Amino acid sequence: MPTTAPTTPRDLTRDSDLVRAARRQDVGRTPVWFMRQAGRSLPEYRAVREGIPMLESCMRPELVTEITLQPVRRHGVDAAIFFSDIVVPLKAVGVDLDIVPGVGPVVAAPVRTRADLDRLPELTPDHVPYITDAVEQLTRELGPTPLIGFAGAPFTLASYLVEGGPSKNHERTKALMHGDPELWADLCARLAQISGAFLRVQASAGASAVQLFDSWVGALSRADYVAHVQRHSAAALAAVDDLDVPRIHFGVGTGELLDLMGEAGADVVGVDFRVSLSDATRRLGPSYAVQGNLDPALLFAPWPALERRVREIVEEGRQAPGHIFNLGHGVLPDVDPDVLTRVTALVHECSTRS
Ligand SMILES: O=C(O)CCc1c2[nH]c(c1CC(=O)O)Cc1[nH]c(c(CC(=O)O)c1CCC(=O)O)Cc1[nH]c(c(CC(=O)O)c1CCC(=O)O)Cc1[nH]c(c(CCC(=O)O)c1CC(=O)O)C2
């Protein structure tokens with residue numbers, strides 16, 4: 001009697017609408033989840049986070065599990081996004097940084113020289129045992145609902161490290177990119193290893209898909225993206241090449257970069273709200289699914305206006321090779337969570353294939 005291999009988390013989610021849409025396979029209805037769905041918009045999140053600093057909360061598997069599950073229970077979304085942050089791996093390898101409420105990640109000693117880079121080690125799974133524990137706990141609880149792991153992309157992480165915190169113009173980052181291209185390339189190669197290893201830890205522990213966030217890469221021209229960034233994002237995405245997980249690659253203001261971000265090694269390209277899904281699909285061609293792209297600000301609009309826009313996006317997504325409904329950037333902290341629950345139900349209702 002042939003022995004059947006034990007069921008892995010990805011066996012349970014292989015036929016989920018999210019994984020099928022990411023693989024451009026037919027779905028029963030359009031899958032939907034929201035970036036930042038686990039977070040400040042939920043009263044239950046604010047309650048469990050009370051008095052616990054952000055980065056500490058990311059290192060406590062029971063808390064990460066509870067926070068990640070909150071929006072899945074409340075909204076009925078088709079995927080869980082792992083509760084972590086893009087700077088968690090940097091903290092894990094020893095970077096002196098904190099996440100300042102209302103500001104974002106702040107780095108005590110910005111990276112500007114080769115000596116600074118020499119103090120930035122590669123990431124190994126031993127740096128983040130709490131990530132493995134949290135993903136294993138979550139996939140046991142989630143069953144057939146896929147968990148999406150994530151990491152920050154090299155350019156966006158480099159911007160936080162070089163600027164020392166959030167930046168509007170990324171001036172020091174671009175000055176280093178053009179002023180010392182060799183140091184810039186070595187910094188991005190190190191960040192690609194850190195992010196790639198962070199993705200691999202999550203996928204190896206049972207995540208069903210991964211997303212690489214290059215939030216700030218829209219600040220670059222196509223020429224600079226090709227010359228100084230694309231190969232490093234490709235290296236981060238390649239770290240899970242052999243793990244059979246669909247890869248989503250997203251950035252903000254990236255209308256001019258979509259095809260290049262797909263070519264970096266994505267199965268799905270995340271689209272922000274500035275480019276229609278139809279235009280994005282035209283620019284990407286038939287080899288990529290798309291994710292997005294409701295403007296998060298419309299969650300504050302009267303329901304009839306929001307409903308109209310959601311229906312338009314679902315309809316445009318049906319013309320794409322594959323479509324995962326999402327926002328064009330993360331959920332804003334003051335969003336009424338009941339609106340997200342209503343949007344989820346509307347996407348399901350208006351996309352159900354008879
Ligand atoms: O104060 C808190 O409770 C922590 C806020 C919070 C952070 N990461 C978080 C959360 C939960 C939440 O979004 O509410 C938790 C967080 N950060 C992120 C994700 C992944 C996702 O977006 O779904 C998640 C997990 C969300 C989830 O599990 O649903 C990723 C992240 N952190 C960051 C970025 C860069 C960017 O902002 O675009 C990005 C990527 C793009 C994005 O989603 O916005 C950096 C970061 N981390 C953080 C902040 C906010 C600082 C502040 O305004 O207080 C910021 C900077 C910013 O958002 O402007 C902290």
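Residues numbered from 1 in each chain as written. Predicted model: local features only at pLDDT ≥ 70, side-chain atom pairs only at ≥ 80, totals over all residues. Heavy atoms only, no water.

Draft legend 1. Quick look at the site of the ligand. The immediate surroundings of the ligand are formed by 26 residues, with Arg36, Ala38, Arg40, Tyr45 and Gly102 found nearest. At 2.6 Å from an oxygen atom of the ligand is found a main-chain nitrogen or oxygen belonging to alanine 38. A distance of 2.9 Å is found between an oxygen atom of the ligand and a side-chain nitrogen or oxygen belonging to histidine 329. Contact with the protein chains removes 90% of the 940 Å² of surface that the ligand exposes when unbound. (Near = heavy atom within 4 Å. Polar contact = N/O pair within 3.5 Å; in protein donor to acceptor, adjacent residues only side chain to side chain. Areas by Shrake-Rupley, 256 points an atom, 1.4 Å probe, with all protein chains shown as cover.)

Draft legend 2. Spotlight on the UniProt feature "binding site: substrate" (unreviewed entry) in the protein. Under the UniProt annotation, "binding site: substrate" (unreviewed entry) lies at Arg36, Gln37, Ala38, Gly39, Arg40, Asp85, Tyr160, Ser215 and His329. Sequence-wise these annotated residues cover 294 residues; spatially they are dispersed, their C-alpha atoms as much as 22.8 Å apart. Within the secondary structure, arginine 36 sits in the loop between helix 2 (17-22) and helix 3 (43-49). If we ignore the near neighbours within four places in the chain, the residues touching arginine 36 are Gly330 and Val331. Mapped onto the elements, aspartate 85 comes out in the loop between strand 1 (80-81) and helix 6 (88-92). If near-sequence neighbours (up to four positions away) are discounted, aspartate 85 is found in contact with Met54, Cys58, Ile99 and Phe150. (UniProt positions renumbered as here; feature names shortened; annotations may be inferred. Helix = DSSP H or I, 4+ residues; strand = E, 2+ residues; numbered from the N terminus. Contact = heavy atoms within 4.5 Å.)

Draft legend 3. Layout of the UniProt feature "domain: Uroporphyrinogen decarboxylase (URO-D)" (unreviewed entry) in the protein. Per the UniProt record, "domain: Uroporphyrinogen decarboxylase (URO-D)" (unreviewed entry) is annotated on residues 31-40 and 148-164. As a span, residues 31-40 carries 0% helix and 0% strand, and end to end its C-alpha atoms are 23 Å apart. Spanning residues 148-164, this segment combines 59% helix with 29% strand, and its end C-alpha atoms are found 28 Å apart.

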